[in-house]
Each structure stands twice: as structure tokens, then as C-alpha cells.
Amino acid sequence: MSNARAGEQPAAESGRPDATPPRLVHMIGNAHIDPVWLWPWQEGYQEARATFASVIARMDEYDDFVFTCDQMVLLSWVEESDPALFEQIRRRESEGRWVNVGGWWVEPDCNMPLGESFVRQGLYGQRFLLSRFGRAATVGVNLDPFGHSAVLPTILRGQGIDSYLYLRPGPHESDVHRTLLRWEAPDGSTVLAYRVPHEYSSGAGPVDGQVDKALAALDPDLGEVMVLYGVGNHGGGPTRANIESIHRYDRMGSFGRLRMAGPRDFFDGAVARDGIAARTGDLQHHAPGCYSAHSGIKTWQYRAQRALLVAERWAVVTAVTDGVPYPREALEDAWKHVLFNQFHDILPGTAVEAAFDDARDQLGAAVTTAKRVTARAHSVIARQVDIPFERDSQPVLVFNPHPWPVSCDVGLHLGMEPAGVVDDVGEPVRWQPTQSRAAAAAQGRSSLVLRADLPALGYRLYRVHRTSDAQVTATSLVATPDLLENDLVRIELDPDTGWLRSYLDKRTGIDVMAGVDGSTHTQVCADPTDTWGHRVVSYAWPGDAMEVRGSAVRELGPLRARVRVRRAWGASTMTEDLILDHDSGSLRVEVTLDWHEEAHLLKVRVPTSLDEPRATYEIPFASIERPVDGAEEPGQGWVDLTGSVAGRPAGLTILVTHKHGYDVSGGAQPSIGITAVRSPVYAWHDPYLLDPDGEYAFQDQGVQRFTYVLVPHAGDLHVADPTRRAQELGMPPRAMLESSHGGTLPPRRSFVTDEGGAVMITAVKGSEDATTGPGGADLVVRAVETQGKPAMGVLDLPLLGRRVEVPFGPFQLRTFAVPAASDAPLVELDLVERPSPQ
């Protein structure tokens, strides 16, 4: 019986020995290029051009050579710097010898970005391929990222991708031991996933060593496999020696039949294979230290992603309502800055120090674009709001960026001494003065915080009065250095540890922190691990508590109370402001950390008195349960610990900004740990040994800020709606001082709402394709089910006079184009904004 695939010669006819192993090895030529790592992006820019020129030269020399390319930013660089070379690439692609895969702008970190960022990776990457080559990628590729979120099959399928190549984690680093998997996301979407055996790059010489090691790492029952080869990381690609050795070893039959091909050739044969192992959940863990390395890049990314989501919403609102041209190109450019800096050696903090100067600048440019777009839209709306003149008052418009109603505290800085605040119908609003942001307070500048109750994705008018007789009702809010209390909760602080020893929810009678030892709240320890955190399983290590240097009440008024706790360790200090609103059961903690330790880490830990706890983490577009075992895990905006207290269901959710490294540890005091800071040497990769006499730069020296919120609950984490609350924490409403003038708009208005149910709108934007709609764009709305169960989603669009209800499955993600014409039907789109095949 012949072992040859259809169309191929049997071994004897091809010149191979009859004893050739019955195996087909697809040799995937590639040149994994890190556009940034131990070099700046400018060097990666040049290397892409040099590598692709070399690849085209090899194609001229070898008729059967096939090259596989991912990361669309590299192609875009070549297109703009060497159009002639790009045309040669287009010609070879049309012949089937240049194979575009991945379909994403870069190979990003695959855990930390927002779900919407993963959507945009493919939105811009696949649309680039469609516009330049006429076809999108169907194979996803993330060879070098250090872990893969469980939601990726959902994203990939939505972008027309049915299969996936990855390398990490290896079989020794996870519970996944099969090369080929049918990987299923929380919503049920599946892709075929193939773990690259051994490595994605080879040396410049013969490929026998690469193939030997790859075959040794493969599932032994796979008769058809892929092996990747080509010089990589700093580019290079397949060499003459690589290609000629493939020819030689194919003739010899050393490893079976060797055929230069693209990944699609393998997956087309594998799709019908029986017995493929099934996998649900994420693919972890490799290098978990990257989720806490370089706090700066995490903060800049956090701000930039959210600023762009806000800008899109307001830009499309004014496009629809006022015909303001939708700033498609400016937003695309800004998003591409964000996406590029999610690359798996930038966002994880593992590049050289200078790379982060470039990242800061590029992300700053993205934020600047977003703020300009938002400010323009707000001004377009504000100038049309009817704001009658009232003596001794300052009108304030507060804009809510979320498509659900939000009630929150909003800060103002203004040039008058306030005496009262009223809403749009003249009713008194709860407020209180705060410390001025300007040292020149004597010049008439003052600050206050007010309670704003805002319509969904809309605005509301408030007025600050210089004189006022309006009174707000008194509250039971109490604050001392050792106590914060209102009608809902009583929170006791231990003066010795500076942390909570009791958190009693008066509504349920449950205390999730009864008798906890707060001495573990801060844990400082030496961190000998490299920048990536290679070989790390957990950072839940014993450590020193930061010394409490004092606590004091900094605010107490009708709206909220603030207790400040100061700590120090070594040359570092940390201030935690514990803030309790008069009507909230949640405790907000604002952290200012001034860190000056080298090769150390700080865990901020929240111990509880919960029994039999279960841990749930937010991941992009979903949530996932993980073991309570202290493992260092990636997470998004919240982590939950649910169990019982005295036999009654109870739990604690923590919302967090700017941080992504967590652990949930068990024991007598089950706890959630936030890896607040690590300070390894920049770009230090184990097993390289640091020179004892060398001079090195250490990460995260200086001031950083982040916020976390404690949300106790009675056993159902979804009652507090942590996904929405985390969004509110990271995308606060904007207050805008406005003048008095006439106008046609009311003092309060909502443009889009999802009515706050289990289905949450995640994007409101203009279409990527220009249309004849107002402002040159149709409205695009994306929503996801957030609780893991079927639900009816509401898309209520007052700006278009339309309201629809749409069913969603558990964690299902759906996208719709909503034409401006009220009689035109909604069109469901895929994640590249093509009509959905579903």
C-alpha cells in the first residue's frame, strides 16, 4: 500500500527508500520577527524589509519553497517603505507560495488586553489582507505569546479563522499534553489548535536537528505533522542550507516525506481526523511574571484601550445626530498604536528599557487622539443643550460613556467657592468639598465631589451654586482611624496592621473578614526570578509586612468618608485611601506606591474568613473558575472568592485597575492577592546569569497609582454585576464646565442603552466601511452575555429611534450594523464587519 498522499509519488517512485517512515512532515518556512524585544521598533522595521527581501530571493531560487507570514504590521511597513518588494510579495501570494496567516496586527499578549482589543487585532489585520491580497487568513498564529485566554476560539471564529498555531505553554508547563486539540471557548466556539513541537525557529544550517527534536515532542499517533523552520526572532527566515537539507532528507526518507507547505495544508487534512482531544478553558502557564512586570506599560495600555472605546462611542453619536464626520482614519491609527504595543514583549514588560519610551509615546498619542475626539463630540452636544442663565451658578454637564445608567461620585475643579449643587430639575444633590488640586486655592480655585445619577450613554446637567439654601438629608456615615460605617456596612480597621479585621454587611449579617489577620495585607519579599518569571508557579510567597506609619480621617461629609493609611518598607512607601460612600456597601481603596526596591515584589493581599472558597476570574468577554491553589494567574478587571461563612453563602469580589497578576490562596484565611509591583532587571532572560559587578536598570522605580474595590456579596457574584462595575471603574464619566446659552437639546438625554441586564454592550462605533449614513458611517453595536447563561439582550438606540431584543447564548458575542434608516433591517456582522455567515 502506498503511503503517498493523493497526487504524490510512492516512496520508490520518488526516489525515497521503501523503508521511509509512513509520515508526512509539512515543513513550514517562517521568520518569526519580534518587531520589538532586545531592540527598538525601528530596528524591527528594517528587519522586516530585509527578511522579506531574502524570502523573495529564495523563492526565485527554489520553485517549491513556500513561506508563511504573520503579523500584518510587518507587511504594512514593507508596503510603505518598499512598494516594489511589496508587489513581489503580492505576486508570490497569488501563486500560493507566500502564505499569510494569523490575520492579527501583531502577536499580542493573549491574556491582558480587553476583549475589544482582540477583536481589533483581527479587524485591522484581516481587513489589511482583504484590501491588499483579496483574501483573509484562515489560520490563527500566536507562536511566542506566553499563555492563551479561553476566549480566543470565540474571537478567531468570529474573524473567519478555524485553526490555531501556538507554542507556549509546553507540555511540561501545563495539563495539556496533546499536540492537536479541538479547543472550545466558553461560548462553545471551537478551533483546531496545534502546539508547535520544539520551536518555531531553527538555525541557519541543515534542519535535521530541528526535525529530530520536533518529532520527539509530537504525539506519536500523528502520521501527518507540521515542523517550523527558519531563522527567527530578529528575522532572517529560511536559508539556502535549510531548504537544500529539506530536499536532501526528503530523498533519503530520513523522517518520512518532507514537503514545504503552509499550515492550511496540514489543517485541511486534520479537520476530519477522528479522536482529536477536546480542550476547554485557557492554555496556561508560561512565564507568569510577565503579568506584573513593568507597571507602566500596563497602566498606559489600560488607559489607552478605554479612552478609544469612549471616543468611538461619542464620535458615532455625533455622526448620527449631527452629521459630524466619523474620524475613522484617526481612530484606526490610534488603535494600531495600541495594538502594536500589545505585542508579546511590550505589554508583558519583557523588552529593553528604551522600548518603553517608545511605547509610552505611542500610547500617549493614542490617548491624545481619543481625548480630542471625545472633547469635540462633547462640545458639539454641549453647545446645543438649553442652559438658561442663572446668577451665581456654574453649569456642569456630566457625560456617561457607558450604555447603562451609572450612579457615581464625580470630581470637579472650578473657579468659585461652592455652596450647593442641584440637578437638572433643581433638586439638591449630595456633594462635599475636597482638597483642591491647585496649590493656589487662595486665588478662588476649589474642588468638590458630587453624586451624579446619569442616563445610559448620555449626559445630564448639574449646577454648582455660589449661594444656596438647599439642604441634603443627613446620613449615618461614621469615620474614625479605626472605623468606617454607614447604614449598609460596618468596617473595622486594626490599628496595628492598618487593615480590616471586620467587614460586616448589615443587610445579611455576614462578616466576610471576621477575625482575619491583617498582617498579611502587604507582603514584600525578595524576587530572584527573571523579567518573565520563568519557572514560577506562584508569587504567593511569605514576606515582610510594610510598617504602618499612621492613619487619619482625611474626608468626612454628607457624601463619603476617607481614611488614609500610610506604610513604609525599606526605601519605599505606600498610601492607601479607604473610601466609603454614604449609601454603598463597597469599599474603594486608592493606592499610591512609591517603590524603590530592586529585585523585590509586593503582594497586596485581602484575606477573608470564607470556608470552602471557589475562585472566579474575569477574562476577556467571559469569566472562568480556577483552583484556589496560590498559582499566579492572569486576570482582567475583577477576581471573586465565593464560599460560606458559618454555613451561609457569602463571597467577596475585588475590582482592580491597571493590574493583571493575581493569586487566590487557600488555608485558614483564603485570600486574593494582587501582584502590585515587581522590580526585576529589564529584559533579563533565564538562564543568563547577571554579572555581580554589572550595572543594571531595575523596573518600576518610582511612583505608581492604582485602585481596587472590595464588594462583599451573599454568594452570587453576579448580583453586584462586577463586569459592568469594573468597566465603570476604568472608564469614569467626564464632567465638563459649560456656559449658559439657548439650545434645542434637553438637560438630560440618553443615546444608547442595553438596560443593564446580563447582556452588556461592549462597543458602540462607526462602521469601518464608509456609508451614506450621517457622518459617513453606520452604527455598529457589539454585545456579550456576561453571566454564562442564556439571556435576552436589549439594544435600545434612542439616537436612531430603534429598539430590538436579541437572544444570546452563554458568553455569546454578537455584532450588528444598525443603519440610520428606521425601516432598514439590522445586519449581523462577523468580527471583521462582514455579514455574518451564521
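One structure accompanies this document, and this report is about it. (Residues numbered from 1 in each chain as written. Predicted model: local features only at pLDDT ≥ 70, side-chain atom pairs only at ≥ 80, totals over all residues. Heavy atoms only, no water.)

1. Details of the sheet that holds strand S20 (residues 499-505)
So, point 1. The five strands lie next to each other as S17-S18-S19-S20-S21, forming an open sheet whose pairing is antiparallel. Looking along the sheet, the strands with just one partner apiece sit at the ends: strand S17 (478-480) and strand S21 (510-511).
So, point 2. Pairing of strand S19 (residues 489-494) with S20 involves six bridges; the strand directions are antiparallel. The partner of Glu492 across the bridge, within S20, is Ser502. (Pairing = 2+ DSSP bridges. Helix = DSSP H or I, 4+ residues; strand = E, 2+ residues; numbered from the N terminus.)

2. Things to note about the packing of aromatic side chains
So, point 1. As enumerated under the stated definition, the model contains 27 aromatic pairs in all.
So, point 2. Summarising the aromatic geometry, the rings of Phe86 and Phe128 are spaced 6.4 Å apart at their centres and angled 70° between planes, so their arrangement reads as edge-to-face. Of the two residues, Phe86 sits in helix H4 (residues 83-94) while Phe128 sits in helix H5 (residues 115-133), which places them 42 residues apart along the sequence.
So, point 3. Chaining the aromatic ring pairs together yields one cluster made of Trp41, Tyr45, Trp77 and Phe340.
So, point 4. Lying over the aromatic face of Tyr302, Arg306 brings its terminal NZ or CZ to 3.6 Å of the ring centre. (Phe/Tyr/Trp six-rings, centres within 6.5 Å; stacked < 30°, edge-to-face > 60°. Lys NZ or Arg CZ within 6 Å of the ring centre and 35° of its normal.)

3. So, the nonpolar core
So, point 1. By size, the foremost hydrophobic cluster in this structure holds 141 residues, and its most contacted members are Met27, Phe52, Leu75 and Trp98.
So, point 2. If we skip the residues at most four places from it in the chain, Leu75 touches Phe52, Cys69, Phe86, Ile89, Trp98, Asn100, Phe128, Leu129 and Phe133. (Core = buried A, V, L, I, M, F, W, Y, C linked by side-chain atoms within 4.5 Å. Buried < 20%, exposed > 50% of the residue type's maximum accessible area, 1.4 Å probe, protein only. Contact = heavy atoms within 4.5 Å.)

4. Some remarks on unusual backbone geometry
So, point 1. For the peptide bond that leads from Arg168 to Pro169, omega is 5°, which places it in the cis range.
So, point 2. On the secondary structure map, Pro169 appears in the loop between strand S5 (163-166) and strand S6 (180-184).
So, point 3. A cis amide bond links Gln284 to the next residue, His285, at an omega of 5°.
So, point 4. By the element assignment, His285 lies in the loop between strand S10 (277-280) and helix H10 (295-322).
So, point 5. Of note, the phi angle at Phe621 is positive, near 65°, even though the residue is not glycine.
So, point 6. Assignment of secondary structure puts Phe621 in the loop between strand S28 (611-619) and strand S29 (622-626).
So, point 7. In this structure, Glu755 is a non-glycine residue whose phi angle is positive, near 65°.

5. Re the pattern of salt bridges
So, point 1. Per the stated rule, a full pass over the model turns up 60 salt bridges.
So, point 2. Among the ionic pairs, Glu633 bridges to Arg626, the shortest N-O distance being 3.6 Å. Summarising the burial analysis for this pair, Glu633 and Arg626 share the class buried.
So, point 3. Close ionic contact of Asp721 with Arg724 constitutes a salt bridge, the shortest N to O distance being 3.1 Å.
So, point 4. With a relative accessible area of 17%, Asp721 lands in the buried category.
So, point 5. Accessibility expressed as a relative area gives 3% for Arg724, which makes it buried.
So, point 6. Here the salt bridges do not stand alone but share partners, grouping Glu555, Arg560, Arg562, Arg564, Asp577, Arg588 and Glu590 into one network. (Salt bridge = Lys/Arg side-chain N within 4 Å of Asp/Glu carboxyl O.)

6. Describing the packing of helix H2 (residues 41-61) against helix H3 (residues 72-81)
So, point 1. Two numbers describe how H2 lies on H3: the axes approach to 9 Å, and their chain directions differ by 80°. Between H2 and H3, the angle falls in the class roughly perpendicular. Here Trp41, Gly44, Tyr45, Ala48, Arg49 and Phe52 of H2 lie close against H3, whose contacting residues are Leu74, Leu75, Trp77, Val78, Glu80 and Ser81.
So, point 2. Considered class by class, the residues forming the contact of H2 with H3 number eight nonpolar, two polar and two charged. (Axes fitted to C-alpha atoms, helices over the stretch in contact; angles between N-to-C directions. Parallel < 35°, antiparallel > 145°, perpendicular 65-115°, else oblique. Nonpolar A, V, L, I, M, F, W, Y, C, P; charged D, E, K, R; others polar.)

7. Overview of the sheet that holds strand S15 (residues 446-454)
So, point 1. Pairing is antiparallel across the open sheet formed by three strands, whose spatial order is S12-S15-S14. Only two strands of the sheet have a single partner each, and these edge strands are strand S12 (406-414) and strand S14 (431-434). Direction aside, the axes of adjacent strands within the sheet are offset by 30° on average.

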